[in-house]
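# Survey of secondary and tertiary structure
So you can see what is in the structure, the chains are spelled out below.
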Amino acid sequence: MKTSRRSFLEAGLALPLVLNSATEIAAAPRATESPDSKDSSFDPWVEIHKENLRHNVQEISRRVSARPILAVIKNNGYGMGVTNIASLLEPQPEIFGFAVVKFHEAMSLRDAGLRKPILLLGPFDENNLEDAVARNIMPMVYTPLGPALDKIAAKTQKPVPLHICIDTGIGRVGVPYHQAAPLVRDLASRKSVQIRGTMMTFTEDPDFDKEQLRRFTETCAAFEKEGIALGKKHAASSFSLFQHPDSFFDMVRPGMAIYGIYSENEFRGTGVMDLRPAISLKARVIYAKKLRKGDSAGYNRAYLAKDDVWVATLPVGHADGWPRTAAKGAKVRINGELFPVIASVSASHCIVEIGSEEKVKIGDLATCFDWQPASRPEDVSESCGASVYDLTMHLNPLLPRRVV
Ligand SMILES: Cc1ncc(COP(=O)(O)O)c(C=O)c1O
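Quick notes on the rules
Residues numbered from 1 in each chain as written. Predicted model: local features only at pLDDT ≥ 70, side-chain atom pairs only at ≥ 80, totals over all residues. Heavy atoms only, no water. Near = heavy atom within 4 Å. Polar contact = N/O pair within 3.5 Å; in protein donor to acceptor, adjacent residues only side chain to side chain. Areas by Shrake-Rupley, 256 points an atom, 1.4 Å probe, with all protein chains shown as cover. Nonpolar A, V, L, I, M, F, W, Y, C, P; charged D, E, K, R; others polar. Core = buried A, V, L, I, M, F, W, Y, C linked by side-chain atoms within 4.5 Å. Buried < 20%, exposed > 50% of the residue type's maximum accessible area, 1.4 Å probe, protein only. Contact = heavy atoms within 4.5 Å. Axes fitted to C-alpha atoms, helices over the stretch in contact; angles between N-to-C directions. Helix = DSSP H or I, 4+ residues; strand = E, 2+ residues; numbered from the N terminus. Parallel < 35°, antiparallel > 145°, perpendicular 65-115°, else oblique. Left-handed = near helix turned anticlockwise from the far one by under 90°. Pairing = 2+ DSSP bridges. pLDDT = per-residue confidence, 0-100.

Taken together, the residues surrounding the ligand are Val72, Lys74, Tyr78, Arg172, Thr201, Ser237, Ser238, Arg253, Pro254, Gly255, Met256 and Tyr389. Interatomic distance of 2.7 Å between a side-chain N/O atom of Lys74 and an oxygen atom of the ligand. Contact between the ligand and Met256: an oxygen atom at 2.9 Å from a main-chain N or O atom of the residue. Isolated, the ligand exposes 400 Å² of accessible area, and the fraction of that covered by the protein chains is 88%. Class assignment of the residues belonging to the shell around the ligand gives a composition of five nonpolar, four polar and three charged.

Attention now goes to the nonpolar core. The biggest cluster of nonpolar side chains holds 87 residues, and the ones touching the most others in it are Ile73, Leu89, Trp322 and Ile334. Apart from the residues within four sequence positions on either side, Trp322 is in contact with Leu281, Val316, Gly317, Ala330, Val332, Val341, Val345, Cys350, Cys368, Phe369 and Val380. One finds Leu129, Val141, Ala148 and Ile195 within the second-largest nonpolar core, a separate group that totals 29 residues.

Below, the discussion takes up the packing of helix α4 (residues 82–89) against helix α5 (residues 103–111). Running from N to C, α4 and α5 point in directions that differ by 50°, and their axes come no closer than 10 Å. As judged from the angle between their axes, α4 and α5 are oblique. Judged by the sense of rotation from one axis to the other, the crossing of α4 with α5 is right-handed. From α4, Val82, Thr83 and Ala86 reach across to α5, where they touch Glu105, Ser108 and Leu109.

This part is about the side chain of Thr219. Positionally, Thr219 belongs in helix α9 (residues 206–225). Under the relative-accessibility criterion, Thr219 is labelled buried at 11%. For Thr219, the contacting residues outside a window of four places in its chain are Ile166 and Tyr177.

A few words now on α5. Most of α5 sits out of view: seven of its nine residues are buried. Taken residue by residue, α5 has Phe103, Glu105, Ala106, Met107, Ser108, Leu109 and Arg110 as its buried positions. Among the structural elements, α3 (74–78), α4, β3 (95–100), β4 (118–120), α6 (126–134) and β5 (137–141) are those in contact with the buried residues of α5. Residue Gly113 follows α5 closely and has a positive phi angle near 90°.

With that settled, consider the sheet that holds strand β17 (residues 350–355). Pairing is mixed in the open sheet, where nine strands are placed in the order β11-β14-β17-β16-β15-β18-β10-β1-β19. Strand pairing shows two members of the sheet lacking a second neighbour, β11 (287–291) and β19 (401–403), which therefore form its edges. Strand-to-strand, the axes of this sheet are offset by a mean angle of 35°, without reference to chain direction. Note: strand β16 (residues 337–342) against β17, two bridges, orientation antiparallel. Within β17, the position partnered with Ile342 by the bridge is Ile351.

Turning our eyes to something else, we now look at the confidence of the model for the protein. Taken as a whole, the protein shows an average pLDDT of 92; of its residues, 91% reach a score of 70 or greater. The low-confidence segment residues 1–36, where pLDDT is below 50, has 55 contacts with residues more than four positions distant or belonging to other chains.

Below, the structure written as structure tokens:
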């Protein structure tokens, strides 16, 4: 059977493979089988740490006094595979449901049998809307969709559950708070509509966030005074979990914190939450060699050996999601030691400097980031300037995902 790129991608998003340890990978069957693709055991892969994921959800729940958690799993589940993440999170009682941006991600969750509520944060046309409603996916609405909703409800004989998005200053999507009244009143007055939630997004500018919070609170209070039921109010992403306990409302909406990563370095060590990374990027050393003094490495001879030095080549590059900036200070863990990425990160390779001794050999496990101190995603981010969002969300969807 010939597999299209899209169906291969979707297969790759739904990986049930569970391994006992990373050392089994060379012998283990591929997580994603495609007739035209077999990964080498040296190729990079992404690991998802089940127990850390569970821990982080409990930690968030403690922080928000057991309010429900709407887990943001957009952008391929922050790099871990949208259905992988949803399947691991769904059994946890703290998880109310899932939020994604792409319509196809929402549909793939239902295709995979996920049952909890799904909020579609991203765009859709009228056909998408009808399909979404048929699959019990709630749209986030901020434009006058009343007539389209009437049509759908007339067919299904049920009101359409939805969340309203109010823009309090981020200027991205959402009806501006000062113009929200006609839309909210219109939606609330229709029998075809059931408002299940009302939401906003912070700009994450600590001072302006306070103003946004005031705008949202006052706007919602005015509607509620009119007798409009707004459903669950929600605003807090990972940033707000640390910064704005007054914004937790009826539900919180984090992404990065669930994956155990501090979205801002300054949140580390605050003791507010103990987050444990649930994601790692690994590969195996494909070559180790001694450069002589004066030898070069990388395109444009980006690295020149000052002395004789051992280097190792890893088969992971920017096309896999390992950022080009990693060569500006990121370190990779091999055999328990951290070695700097040198030269330049090319599409499929990077080179690390081992030092004067031959400490690594072909086949050794190399960890770009994981949950260990000094090799967390935040450490990589701090050392080379790549955002933790880029480190996770830019991971190539075609890399194998393995749940450990
Ligand atoms: C609307 C919305 N809510 C919540 C989140 C979660 O953000 P974070 O991963 O920083 O917790 C995002 C992600 O960017 C988002 O776009």
